[in-house]
Amino acid sequence: MPVSLIDVPVEQRPRERLLAVGPHALSDVELLALLLRHGRPGASALDLAMELLAEHGGLAGLAAARPEELSRRAGIGVAKAAALIAAFHLGSRARGVTGTPRRLAAAADVAAAARPLFAGTRVERLLVLVCDAQNQLRQKIFVAEGAVDQVAVPVREILNTVLRHDGRAFAVVHNHPSGDPTPSIDDRRATTLLAEAARTVGLRFLDHVVVAGEAWASAPATAAR
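Analysis parameters
All residue numbers refer to position in the chain's written sequence, counted from 1. Per-residue local features of the predicted model are confined to residues with pLDDT of at least 70, and side-chain atom pairs are confined, for both listing and counting, to 80 or more; whole-chain, interface and lining totals are unaffected and use all residues. The side-chain values count all of the structure's non-hydrogen atoms but skip hydrogen atoms and water molecules. When DSSP finds two or more bridges between a pair of strands, those strands are recorded as paired. We count a stretch as a helix when DSSP gives it H or I for four or more residues in a row; a strand needs E for two or more, and each element gets its number in order from the N terminus. Only the contacting stretch of a helix is used when fitting its axis, a line to C-alpha atoms as for every element, and angles between N-to-C directions run 0 to 180 degrees. Here, two residues are considered to be in contact whenever any of their heavy atoms come within 4.5 Å of each other. The buried label goes to any residue with under 20% of its type's maximum accessible area, the exposed label to any with over 50%, and the partly exposed label to all in between, with areas taken from a 1.4 Å probe on protein chains only. This arc is taken over the directions from the axis of the helix to the C-beta atoms. With respect to orientation, any angle under 35 degrees is reported as roughly parallel, any angle over 145 as roughly antiparallel, any angle of 65 to 115 as roughly perpendicular, and every other angle as oblique. Should the near helix be turned counterclockwise from the far one by less than a right angle, the crossing is left-handed, whereas a clockwise turn marks it as right-handed. Note that Gly is not counted as nonpolar here; it falls among the polar residues with everything else outside the nonpolar set of Ala, Val, Leu, Ile, Met, Phe, Trp, Tyr, Cys and Pro and the charged set of Asp, Glu, Lys and Arg.

Visitor: Would you explain the sheet that holds strand β1 (residues 125–131) in this entry?
Guide: Consider a sheet: its strands pair through backbone hydrogen bonds, and that pairing is either parallel or antiparallel. Here five strands make up an open sheet; going across it, the order is β2-β1-β3-β4-β5 and the pairing mixed. This sheet does not close on itself; its edge strands, each paired only once, are β2 (137–145) and β5 (215–218). Strand-to-strand twist in this sheet, taken as the mean axis angle between neighbours without regard to direction, amounts to 25°. Taken together, the six bridges between β1 and strand β3 (residues 169–175) define a ladder with antiparallel strand orientation. Considered in β3, the bridge of V130 is made with F170. Across the sheet, helix α9 (residues 185–200) lies against β3 and β4 (204–212), angled at about 160° from β4, the strand it touches most.

Visitor: Honestly, helix α7 (residues 107–114) in this entry has me stumped. Any pointers?
Guide: The periodicity of an α-helix, 3.6 residues per turn, causes residues three or four positions apart to be oriented the same way. Listed as buried for α7 are A107, V110, A111, A113 and A114. Down the axis of α7, the buried set is contained in an arc of 165°. They therefore lie on one face. Where the residues of α7 are buried, they touch β1, β2, β3, β4 and β5.

Visitor: Can you help me understand the packing of helix α8 (residues 155–164) against α9 in this one?
Guide: The description of two packed helices rests on the angle between their axes and on the distance between the axes. Where α8 contacts α9, the axes come no closer than 10 Å and their chain directions differ by 50°. Overall, the two elements α8 and α9 adopt an arrangement that is oblique. Handedness of the α8/α9 crossing: right-handed. On α9, the residues that touch V155, I158 and L159 of α8 are L193, L194, A197 and A198. Residues that form the contact of α8 with α9 fall into these classes: seven nonpolar, no polar and no charged.

Taken by themselves, the reported measurements are silent on function.
This is the structure in structure tokens:
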């Protein structure tokens, strides 16, 4: 049977410590053990949490792990892997939530709204920021994963996403896992395609931003060939 946290002395159990002294007093290992709940034969949830953090080089590396990587480890499996991925993404989304609607007035606003959602991402993903008529952000929706280029950019899906959420304006953001936010020629061509497509359906295209960690750059339009 898996080793449960109930086997840990009461005063050392993460749940009891969290309730007694608050989450900020718990270590990364303890917080992770609370998510895992159970370990595996011969190892407690605390042991398993410590192994995961060591294997991935800390929380940032663990947050970037893919579900299939996590599920292969003994004691994790599909359910726990999904729970861990969900927890990291909820935290990421929470960092981007503000009490009042965010207005996207410039490329810097677009980058600031999107960057938290790309934290730790190791594959290229495409995010649509749906705005109202005053450019106030209403929805953040991922629509694609993989290289964003003139052929692959899902123009129809992007426009349908905006219209489906009653948007009047939108921006798109994608990441460069390489760490260099410099827009490629394909990124710039994608900007041209999106700007032209938006005009045909009466939407306002705000910007196309490339993020790479904390760095970002706006991808200007270029003449399509």
